[in-house]
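A look at the structure
Chain by chain, the residues:
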Amino acid sequence: MRKQNKKHRAVRKHITGPNFTAQHLLHNPGTIRKLIDMARLQPADTVLEIGAGKGSLTFSIAELTRKVIAVEIDAGFVQTLRDKAASFPHIHIIQGDIRRMRLPAEPFCVVANIPFSITTAILEKLLGAEGSMLQSGVLILEKGAAQRFTRNPNPEPKPLLWSMYFRLDMKTVIPRTHFAPPPSVDAAILRMVRRDRPLIPAGKGKHFTAFAAYLLREPRLMVANGLRGIFTPAQLKHSLQLAKADREQPVASLSLEQWASLFTSMIGHVASHRWPRG
Ligand SMILES: C[S@@+](CC[C@H](N)C(=O)[O-])C[C@H]1O[C@@H](n2cnc3c(N)ncnc32)[C@H](O)[C@@H]1O
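Reading the values: the criteria
Residues numbered from 1 in each chain as written. Predicted model: local features only at pLDDT ≥ 70, side-chain atom pairs only at ≥ 80, totals over all residues. UniProt positions renumbered as here; feature names shortened; annotations may be inferred. Helix = DSSP H or I, 4+ residues; strand = E, 2+ residues; numbered from the N terminus. Domains from an automatic or database assignment. Contact = placed C-beta atoms within 7 Å. Nonpolar A, V, L, I, M, F, W, Y, C, P; charged D, E, K, R; others polar. Axes fitted to C-alpha atoms, helices over the stretch in contact; angles between N-to-C directions. Parallel < 35°, antiparallel > 145°, perpendicular 65-115°, else oblique. Left-handed = near helix turned anticlockwise from the far one by under 90°. Pairing = 2+ DSSP bridges.

Identification of the chain as rRNA adenine N-6-methyltransferase from Paenibacillus ginsengarvi is taken from an unreviewed UniProt entry. Regarding the chain, the relevant UniProt record gives this comment under Sequence similarities (unreviewed entry): "Belongs to the class I-like SAM-binding methyltransferase superfamily. rRNA adenine N(6)-methyltransferase family."

So, in structure tokens, the structure goes:
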């Protein structure tokens with residue numbers, strides 16, 4: 001234990017950013033292999049790694065792909081990475097805060113053991129932003145967060161929006177002992193794959209989020225009552241039928257497909273001044 005604390009102090013000494021608590025370095029070779037296998041990388045892929053640390057994933061990714069963009073905020077880790085990567089011209093190490101950086105303009109994959117403290121901000125950037133070129137990826141994040149984001153039905157507007165564009169699956173649970181220092185909870189692998197056809201039309205993400213947030217302000221409300229302020233009675237009947245939704249079904253029990261169908265009905269048939277605003 002004393003040895004581990006000493007190691008953690010050494011890590012913290014190099015920190016320049018506010019997220020030092022999220023430096024849980026992966027040291028289990030089996031888990032590293034599992035994560036890389038699940039990413040199903042191809043030689044032509046560009047891979048973004050968020051929070052590369054000392055490179056426990058970086059070099060395994062680089063063996064398989066033509067370009068790795070490794071982002072790391074900690075100046076000490078960046079120096080270590082640059083030393084280790086000196087003879088790997090296809091590893092591009094960028095020092096900075098991922099939240100303030102532009103994502104690659106070309107199609108890319110992501111493989112990362114992310115800083116848990118900014119999980120939602122990272123997922124929002126990767127999965128929620130219109131124009132993100134992310135195609136697929138695997139992330140290690142807190143098990144609880146992985147469970148929250150992959151629920152179906154899901155009572156939260158953000159994961160609902162992400163699921164309109166991506167298939168999100170929680171894969172293996174990773175025991176906290178596979179990290180140094182160990183986090184306070186277990187982690188899990190989240191796999192993300194862009195849908196061939198998004199469930200809602202492109203360019204309508206903000207309107208979808210406002211629609212979901214409006215209905216979910218009362219998650220137990222009967223869906224017909226929640227939608228009454230948007231649809232006329234005739235539109236409501238038709239939209240519920242199309243979505244195969246029961247009038248009395250609680251809003252929080254709507255499936256991804258039902259959310260997509262009701263939203264598509266709204267933007268197709270309801271005047272835009274009646275759409276909920278964010
Ligand atoms: C969970 S560790 C993973 C490190 C390494 N990939 C591994 O698996 O051993 C998260 C890493 O993200 C870095 N980090 C924290 N906040 C960041 C940010 N805002 N932008 C980029 N990197 C960040 C930390 O310094 C840390 O190295």
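So, on to unusual backbone geometry. Going from Asn152 to Pro153, the amide bond is cis rather than trans, its omega being 5°. Along the chain, Pro153 falls in the loop between helix 6 (143-150) and helix 7 (157-165). Looking along the chain, the bond that leaves Ala180 and enters Pro181 is cis, with omega of -10°. In this fold, Pro181 is placed in the loop between strand 8 (179-180) and strand 9 (187-194). Phi at Lys244 takes a positive value of approximately 50°, unusual for a residue other than glycine. Along the chain, Lys244 falls in the loop between helix 10 (233-242) and helix 11 (256-269).

Each assigned domain of the chain is listed with its residue range as follows: domain 1 (2-194) and domain 2 (205-274). For domain 1 and domain 2, the distance between their C-alpha centres works out to 35 Å. Across the boundary between the two partners, domain 1 contributes 10 residues, which contact 14 residues of domain 2. Of the residues contributing to the side of domain 1 that touches domain 2, the split by class is 6 nonpolar, 3 polar and 1 charged.

Let us now look at the packing of helix 8 (residues 205-216) against helix 11. One can describe the packing of helix 8 onto helix 11 by two numbers: an axis separation of 11 Å at closest approach and a directional angle of 110°. What the angle tells us is that helix 8 and helix 11 run roughly perpendicular. Of the two possible hands of crossing, helix 8 and helix 11 adopt the one that is right-handed. When helix 8 is examined against helix 11, the residues His207, Phe208, Phe211 and Ala212 are found in contact with a partner set consisting of Trp259, Phe263, Met266 and Ile267. Residue composition of the contact of helix 8 with helix 11, grouped by class: 7 nonpolar, 1 polar and no charged.

All right, on to the sheet that holds strand 6 (residues 134-142) then. The strands making up a sheet associate through backbone hydrogen bonding, with each pair oriented either parallel or antiparallel. With mixed pairing, 7 strands are arranged side by side in an open sheet as 4-3-2-5-6-9-7. Lying at the two open borders of the sheet, with one neighbouring strand each, are strand 4 (91-95) and strand 7 (166-174). For this sheet the average axis-to-axis angle between neighbouring strands, irrespective of direction, equals 20°. Here strand 2 (residues 46-50) pairs with strand 3 (residues 67-72) via 5 bridges, running parallel.

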